[in-house]
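# Coordinate analysis (summary)
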Amino acid sequence: MDQIDLTIFEHGPVANANLRSLLVQFEQYNHVHVRLNVLSWTNGWNKLVDIALKHSGADVSEIGTTWLSDFAKMDAFHMLNRRDLNTLGGQEQFIKASWDSCLVASSRGVMNAWSIPWSADTRCIYYRRDVLEKAGIDEKKAFASLEQFEGTLSKLKEAGVRVPLVMPTQTTRINVHNLAMWVWASGGDFLDHTGKLLTLDQPAALSGMQSYFELARLMPSDVRRLQDVQADDIFAAGLAAVTISGVWMLQDARVPPLLNEKIATAPIPGTPFVGGTNLAIWKHTKNQDTALKLVKFLTSRQASDMMQPYAGLPVREDVLDTGQYVTDPHMHILADALRSGRSFPTGYLWGILEKRLGEETTAIWEEIFTNPQPDIPKIVQEHTQIISQRLKMAIG
């Protein structure tokens, strides 16, 4: 029996068990053994780079959407041609934001597909309905805009709520995801439409960043400097009124049933961030046709029904039109966010910028937290200049 190697990230016991069940079906139908290697998110990037450099170790891999441009630049993946895309069913079956994350522009500006969407990730606002009601806040209007979001949190603080808001502020990819939604909602962006010019230092983007970091005053000192898991833990324990999180919050078994009944969700004001993972075929594979069959199988409706939402949210339009994504009020909000949201750029410049943003976002929070009376516009301006200068040095 032939063999093909697949690497995926750790998505938890349910997702792993369902995936192994799917792979058994694939093996029986295609008479090909799939050797599965589950990577941790901590060392996954280094492992994939190692595969790229050694030209061995996997035939198909799951990759983070924002990593694609780096591997495309290395020419490490098989670029999907028209025949491949027809075999896989075409782009129409996927939500736009996820499909856009599969495309990387060539030196001539032609957008080429280097991967296929597999799972999606987005954000929504989680809030305590009972806490808002006690403070006399209309939940239908509470988070309709950035101004109303901040106004709601201010009212909660005035009403004596000790922790109006909790969210991650330490070095984490989610920190950048959250920041992006504030920048977009203010009419700004990080790069221009060509993906080659920095626009982070323009008024609209700066305004969005300032609004985002102004939220610091609504987080007491003992819930600052948190990683994403720590922030989720505090909300799950009923110690905060509002947080921004993903689908995993709905699956958190640590949330007591009585508390869970009091939790509601609301859309992010403006444009939600959409991330997730894609499946890519390595250029060095000697089993390209089999690899293509595996990718088609894993992105099928059958596979999506088994893998989501345990391994992220669906990327297929037909899945989002059915079941819990229509009937469940929380899932429906997340499904709407996937369809209305946007992904990060896939160009080379974004790969550098995202890393710098992650570093400087944490530095901004720290400077605000350590200063009794922080001048937030000045702090944001100074760190934006640092990002701009480092980016210019990095690209020569």
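In short, a report on the structure. Computed from a predicted model, the values in this text were never measured in an experiment.

Here we have four strands laid out as an open sheet, ordered 8-9-7-10, and mixed in their pairing. Looking at which strands have only one partner, the edges of the open sheet turn out to be strand 8 (165-166) and strand 10 (263-266). Direction of pairing for strand 8 relative to strand 9 (residues 242-245): parallel, over a ladder of two bridges. If you follow Val166 over to strand 9, its bridge partner there is Thr243.

A few words now on the environment of Phe77. Structurally, Phe77 can be placed in the loop between helix 3 (68-73) and helix 4 (82-88). With relative accessibility at 1%, the residue Phe77 sits in the buried group. Each C-alpha atom, one on Phe77 and one on Ser21, is 27 Å from the other, the two residues being 56 residues apart in sequence. When residues no more than four places from it in sequence are discounted, the contact partners of Phe77 are Ile63, Leu68, Phe71, Trp114, Ala280, Ile281, Trp282 and Lys283.

Turning next to the pairing of strand 2 (residues 32-39). As paired elements, strand 1 (residues 2-9) and strand 2 share eight bridges and run parallel to each other. In the sheet register, Phe9 faces strand 2, and the bridge partner there is Leu39. Viewed along the sheet, the connection from strand 1 through helix 1 (residues 13-30) into strand 2 turns out right-handed.

So, about helix 7 (residues 146-158). Compared with the 18 Å implied by 1.5 Å per residue over 13 residues, the 18 Å span of helix 7 between its first and last C-alpha is a close match. What helix 7 keeps buried is the set Leu146, Phe149, Thr152, Leu153, Ser154 and Leu156. Residues of helix 7 that are buried in the fold lie against strand 7 (124-128), helix 6 (129-134), strand 8, helix 8 (173-185) and strand 9. Looking one or two places after helix 7, you find Gly160, whose phi comes out positive at around 95 degrees.

So, about the environment of Trp248. Position of Trp248 among the secondary structure elements: in the loop between strand 9 and helix 11 (257-260). For Trp248, a relative accessible area of 30% gives the class partly exposed. Counting along the chain gives 65 residues from Trp248 to Leu313, while the straight-line C-alpha distance between them is 9.8 Å. Beyond its immediate sequence surroundings of up to four residues, Trp248 is in contact with Asp121, Arg123, Ile174 and Asp232.

So, on to the packing of helix 9 (residues 203-213) against helix 17 (residues 348-370). In a pair of packed helices, the angle between the axes and the distance between the axes together describe the arrangement. Running from N to C, helix 9 and helix 17 cross one another at 50 degrees; their axes reach a closest spacing of 11 Å. Between helix 9 and helix 17, the crossing angle belongs to the class labelled oblique. Crossing handedness for the pair helix 9 and helix 17: right-handed. Residues Met209, Tyr212 and Phe213 of helix 9 form the contact with helix 17, whose participating residues are Thr361, Ile364, Trp365 and Ile368. Residue classes in the contact of helix 9 with helix 17 are distributed as six nonpolar, one polar and no charged.

Read from one edge of the open sheet, five strands run 2-1-3-11-6, paired in mixed fashion. Whereas interior strands pair on both sides, the edge strands pair on one side only; in this sheet they are strand 2 and strand 6 (116-122). On average, each strand axis in the sheet is tilted by 20 degrees relative to the strand beside it, whichever way the strands run. Relative to strand 11 (residues 274-281), strand 6 is paired through six bridges, and the arrangement is antiparallel.

Quick look at the packing of aromatic side chains now. Aromatic ring pairs: the centre-centre distance and the angle between the two ring planes describe each pair. By the definition in use, this model includes 22 aromatic pairs. Considering the side-chain rings of Phe273 and Phe344, the 4.7 Å spacing of their centres and the 40 degrees angle between planes classify their relative orientation as tilted. On the criterion of sequence distance, the pair formed by Phe273 in the loop between strand 10 and strand 11 and Phe344 in the loop between helix 16 (329-340) and helix 17 is long-range, its members being 71 residues apart. The residues Phe273 and Phe344 share a single accessibility class, namely buried. Among the aromatic residues, those joined into a cluster by ring pairs are Tyr127, Phe143, Phe149, Trp182, Tyr212, Phe213, Trp365 and Phe369.

This part takes up unusual backbone geometry. Residue Pro309 follows Gln308 across a cis peptide bond; omega there is 10 degrees. By the element assignment, Pro309 lies in the loop between helix 13 (301-307) and helix 14 (317-320). Positive phi, close to 55 degrees, is recorded for His55, a residue that is not glycine. Here His55 lies in the loop between helix 2 (44-54) and strand 3 (60-64). Residue classification places His55 among the exposed positions, given a relative accessible area of 54%.

Rules behind the numbers
Residues numbered from 1 in each chain as written. Predicted model: local features only at pLDDT ≥ 70, side-chain atom pairs only at ≥ 80, totals over all residues. Heavy atoms only, no water. Pairing = 2+ DSSP bridges. Helix = DSSP H or I, 4+ residues; strand = E, 2+ residues; numbered from the N terminus. Buried < 20%, exposed > 50% of the residue type's maximum accessible area, 1.4 Å probe, protein only. Contact = heavy atoms within 4.5 Å. Right-handed = clockwise from strand over helix to strand, strands pointing away. Expected span 1.5 Å × (residues − 1). Axes fitted to C-alpha atoms, helices over the stretch in contact; angles between N-to-C directions. Parallel < 35°, antiparallel > 145°, perpendicular 65-115°, else oblique. Left-handed = near helix turned anticlockwise from the far one by under 90°. Nonpolar A, V, L, I, M, F, W, Y, C, P; charged D, E, K, R; others polar. Phe/Tyr/Trp six-rings, centres within 6.5 Å; stacked < 30°, edge-to-face > 60°.

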